[in-house]
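A look at the structure
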Amino acid sequence: MIDVLPQPRPGGRSLRGRLASLRSDWPHHLSSARGALIAFGLFLAMFTVFVSEHPAGFSRNVVNTAANKGALLALVAMAQTIPVLTSGLDLSVGMVFVLTNCLASTLMVGNALHTALGVAAVLVTGLACGALNGALVVLGRLQPIIATLATSSIYFGGALWLRPAPGGGINEEFADFMTGSLPGGIPVAVVLLLGLVLFGWIPYRRSVIGRAAYAVGSSEQAAYMSGVPVARAKFLTYVLAGLFSALAGLLLSCLTESGEANAMLGGSYTLSSIAAVVVGGTSLFGGAGGAVGSIFGAFVLRTIGDLLFVFNMDPLWQPLFLGVVLLVAVGLGSLRLLRVKNRLDLFR
Amino acid sequence: MAPLFRMEGVTKRYGGVRALEDAHLACGQGRIHAVLGENGAGKSTLIKVMAGVVRPDAGRMELAGAPIALDGPGSAARAGIVSVFQELSLLPDLTVADNICITDPPRRLWKLIDRRAQRRLAEEALQRVGAGDVHPLAQVRDLPLSRRQMVEIAKALARKPRILILDEATSALSSADVEAVFRVLKQLREEGLAIVYISHRMHEIDELADDCTVFRNGRHVATFTAGSRSPQEIIELMIGREVESVFPPRERRALGEQPALAVRGLSWAGRLKNVDVTIRPGEVVGLGGLDGQGQRSLLLALFGALKGVTGSVEVDGRPISLSSPRGGAAAGVALIPEDRKTEGLMLPMTVRDNLSFAALGRLGRFGFIDRKAEEGAIAEMIGLLRIRSDGIDGPVGALSGGNQQKVVIGKWLMTRPRVILLNDPTRGIDVGTKQEIYQLLRKLGEAGNAILFYSTDYAELIGCCDRVLILYDGAVTGVLEGEAINERNIVTSAHNLALEASAGGGPA
């Protein structure tokens, strides 16, 4: 065993100590951010090819459109990430997204005050949907996959009830602002994502309850034994998933300026959100990964479609490429199984 | 001085099984209290009660004179009772520093975790237990077992306990690490902590303990000052029960000449060390020793469930491949697994399907199942094992534990194995079924099978086996035969006492 006499560990106040500790730390920081970095690199490469091939090039319009499409999935993927970290799953994110879209198209109209109240109502609805999911999983002890499959039907029913036929509308000024770009060409959707990461995700990750989510996903039993608030942490992940899905529904309403109870749309966003989470380096077994990776994962998935468009390829290639990207991402994730010594561990 | 912690009349039952009965324990400040007992004596339940993991059916606990009720590990931690468990309670995906501070991380602005302070705490705790070589930002998953155990101890210390419980906390450590941990424990004793120490290693208890308490069959047997009794006397206290005569009489019988199973130089991942086993046809060989000394790994390795096993295994003189359980089964090796619910049975499927799964190759023709042959073989098994079930087409999950275990055994007997490996087959089974299983073992032996039998119950080894191999730290350290198979010998060699006396220290 590598047992050595206790040595003073670098990391004191001296500059040299700081530098030494930085040098010994970076491999650990890098390995924890690896999934997100790979997704970011993949997105950067694909997006570079896309804008260089696009007839309009790196124009404000091209960037804005790509950002809006990507942000929509990125928000749903962030929602999905949080329960997945606890080794749960939320199959209702897509339907909460559709439900809040329908709600927004009826409430977010009229003057500024009216619209603001509408926004608040939409977000509260998202929270309530998430709270129901969380209650079923934590208090009802149902398996997340079946509990959220059931509630997703309920939420879609709500959407149909609100808007049996596509239509409605929302405050145009608000919609234009949300889908436009700031002076300097930065899309508002990107600013929204950045704000959510800085003031939502990072504080959550650094909080006791956020760390508890990681702990639960890593080993629920060990987390309980360590006095971690297991039930509260799990409940909150579903509530946050509802909130982020509602934000996505809000953005969708701003893009389409109408509401539609579209089952196909909800289903495809749910599945794509799981794909984005995996591409972004979050393990479906829980405990490792994060929402930042999922954002890049979502942008990777969206850019695939754009690439096929600029290369004039048949849209029927899109599912195939999507599948290949997913398989490669998942394959990288299971490389660790090659190191397993006890074959029975493969099944645990 | 009044003890810091006291429990009285604590009782805990699981179903009909008594895990603890009227247990009492008192721990004083600044003292190390060793708790001793055989496997299954109730030590683990005892400390789980103290740690708030298990809620007792009856009894009361006092901390510093005031009664306390624990409703979870969190409330025990807040009361200052911290335990280092045998099954590690670390979170593999989190960093070492995150793990050490998981219960109550340092916080600052907006209650967010102060990562710099957390890291400093982690470094101090690691330094203190002599694990300064562990990087606080490393993922626990990437650390070797001995380092994880050190992190576990550091984690316990970082919680500033008043009462520290260590359950087999040194089992995976090198002797240098053990020394470092002992230094810390002695220092903590000076600082006035109450320490509860559970270990199977006698010499560790000699070195550390101030008081000793012996448990047996869930009951408190004796409490005495360390050093007032000899190791032999302590072992008497630990055993001290009559062996019930539930075993079929032993008969002299002729064993085959050619070994049915010959294992040479079997090693695996540092947990099995150069194991040799030879079993002749008709022989029942037992595996003894303390829990977790490599017995389970040996059976799994022979069955082909482990990867990277070195050494040779021959069945009837023919070398067999250890690359998968299918290969093992084809060569005539059957394993009755330890956990019937996950490794032995498909609970929702019928008794019929479960019985014939492993033997489908023998019962089939051109890939189709020969229903007639299957019917016959199943009827034979049900008769042989006296499986009671309401028809063989009901789900196996509806049977009693004993009958489920018979189905597991029957499933493997249907493959007509040559070598039968049994992994603690009677755990959690009623006495009647146990007796039937002992008789079955005898019958299988008479039929000329080679049987390797691991049991945590020493009485079973004595009652059933022709020969007993004692494992310690992954190696065969003792062989008992004939009259020499008695409880005293098994317990003595299981604690590796003779060996320790000559080596003068713990295993490296």
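Predicted model, so just to flag it, every value in this text is computed and none were measured. (Residues numbered from 1 in each chain as written. Chains lettered and ligands numbered in written order. Predicted model: local features only at pLDDT ≥ 70, side-chain atom pairs only at ≥ 80, totals over all residues.)

**With respect to the pairing of strand E4 (residues 58-63) of chain B**
Residue and element names in this part refer to chain B. Across 5 bridges, strand E1 (residues 5-14) lies against E4 in antiparallel orientation. From the neighbouring strand, Thr11 faces E4, where its bridge partner is Ala58. Note: E4 against strand E5 (residues 66-68), 3 bridges, orientation antiparallel. Within E5, the residue paired with Met61 across the bridge is Ile68. Between the end of E4 and the start of E5, which pair antiparallel, lie 2 residues, with Ala64 showing a positive phi angle near 50 degrees. (Pairing = 2+ DSSP bridges. Helix = DSSP H or I, 4+ residues; strand = E, 2+ residues; numbered from the N terminus.)

**What about the domain arrangement of chain B?**
Considered domain by domain, chain B is made up of domain 1 (28-54 + 69-80 + 161-242), domain 2 (86-160), domain 3 (258-332 + 417-508) and domain 4 (343-416). Centre-to-centre, using C-alpha coordinates, domain 1 of chain B lies 29 Å away from domain 3 of chain B. (Domains from an automatic or database assignment.)

**Describing the interface of chain B and chain A**
With 37 residues of chain B at the contact, the number on the chain A side is 34 residues. Counting residues per element, the ones that place at least two in the side of chain B that touches chain A are helix H2 (73-78), helix H4 (115-128) and helix H6 (175-190) of chain B. (Contact = placed C-beta atoms within 7 Å.)

**Remarks on the pairing of strand E22 (residues 475-481) of chain B**
Residues and elements named next belong to chain B. Summarising the sheet, strand E21 (residues 467-472) and E22 pair through 6 bridges and their orientation is antiparallel. Bridging from a neighbouring strand, Leu471 pairs with Val476 of E22. Between E21 and E22, which pair antiparallel and follow one another directly, the connecting turn spans 2 residues, one of which, Asp473, has a positive phi of 55 degrees.

**Describing the sheet that holds strand E11 (residues 261-268) of chain B**
Pairing between the strands of a sheet is mediated by backbone hydrogen bonds and can be parallel or antiparallel. Residues and elements named next belong to chain B. An order of E12-E11-E14-E15 is seen for the 4 strands of this open sheet, with the pairing classed as antiparallel. Bordering the open sheet on either side are strand E12 (272-279) and strand E15 (318-319), each of which pairs with just one other strand. In the sheet, strand E14 (residues 310-315) pairs with E15 via 2 bridges, with the strands oriented antiparallel. Bridged to Val315 within E15 is Arg318.

**What to know about helix H8 (residues 188-206) of chain A**
Residues and elements named next belong to chain A. Relative to the 27 Å expected for 19 residues at 1.5 Å per residue, H8 spans 26 Å between its end C-alpha atoms, a close match to the ideal helical length. Val197 marks where H8 bends most, by close to 35 degrees. Of the positions making up H8, those classed as buried are Val188, Ala189, Val190, Leu193, Leu196 and Trp201. Against helix H3 (60-85), helix H7 (172-179), helix H11 (230-256) and helix H13 (291-310) lie the buried residues of H8. (Expected span 1.5 Å × (residues − 1). Bend = angle between axes of the 7 residues up to and from the residue. Buried ≥ 20, exposed ≤ 12 C-beta atoms within 10 Å, placed from the backbone.)

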